[in-house]
Amino acid sequence: MGWEFEEAGKFGSEKAADDYARRNNLDPRDVQITRKGDEVQLNIRRSAVDGRNLRDNGEGRRDGWG
């Protein structure tokens, strides 16, 4: 059985994506950070998002939740 991940947005750097995940107290095993060209894609395991209010101040984000 594979884990289902949801797109959380695109960031300007791996550090910005990692900072977002840390601010929201996400377990590193619940996030995937991948580089796609000049952007970084952050995906979060669906079970880690369910029922949570993720804080988003937009810092480092290029799109996604707002």
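Here, the structure is the one placed above.
So, here is what we can say about the structure in this document. (Residues numbered from 1 in each chain as written. Predicted model: local features only at pLDDT ≥ 70, side-chain atom pairs only at ≥ 80, totals over all residues. Heavy atoms only, no water.)

1. What about the nonpolar core?
Membership of the largest hydrophobic core comes to 13 residues, with the highest contact counts inside it found for Phe11, Ala17, Tyr20, Leu26, Val31, Leu42 and Ile44. Put simply, the parts of the chain that give this core at least two residues each are strand S1 (5–11), helix H1 (14–23), strand S3 (39–45) and helix H2 (46–49). When residues of this core are assigned to their parent elements, the largest contribution, 4 residues, is made by H1. Not counting residues up to four positions away in its chain, the partners in contact with alanine 17 are Phe11, Ile33, Val40 and Leu42. (Core = buried A, V, L, I, M, F, W, Y, C linked by side-chain atoms within 4.5 Å. Buried < 20%, exposed > 50% of the residue type's maximum accessible area, 1.4 Å probe, protein only. Helix = DSSP H or I, 4+ residues; strand = E, 2+ residues; numbered from the N terminus. Contact = heavy atoms within 4.5 Å.)

2. Remarks on the pattern of salt bridges
Tallied over the entire structure, the rule returns 8 salt bridges. Aspartate 19 is the salt-bridge partner of lysine 15, the closest N and O atoms lying 2.8 Å from each other. One end of the pair is lysine 15 and the other is aspartate 19, both in helix H1 and 4 residues apart, which spans about a single turn. Classification of lysine 15 by relative accessible area gives exposed; the value is 56%. A salt bridge links arginine 45 to aspartate 30, with the shortest nitrogen-to-oxygen separation between them at 3.3 Å. On the criterion of sequence distance, the pair formed by arginine 45 in strand S3 and aspartate 30 in the loop between H1 and strand S2 (31–36) is long-range, its members being 15 residues apart. The residues arginine 45 and aspartate 30 share a single accessibility class, namely buried. One network of salt bridges, with partners in common, ties together Glu4, Glu6 and Arg46. (Salt bridge = Lys/Arg side-chain N within 4 Å of Asp/Glu carboxyl O.)

By themselves, these observations are geometric and do not establish any function.
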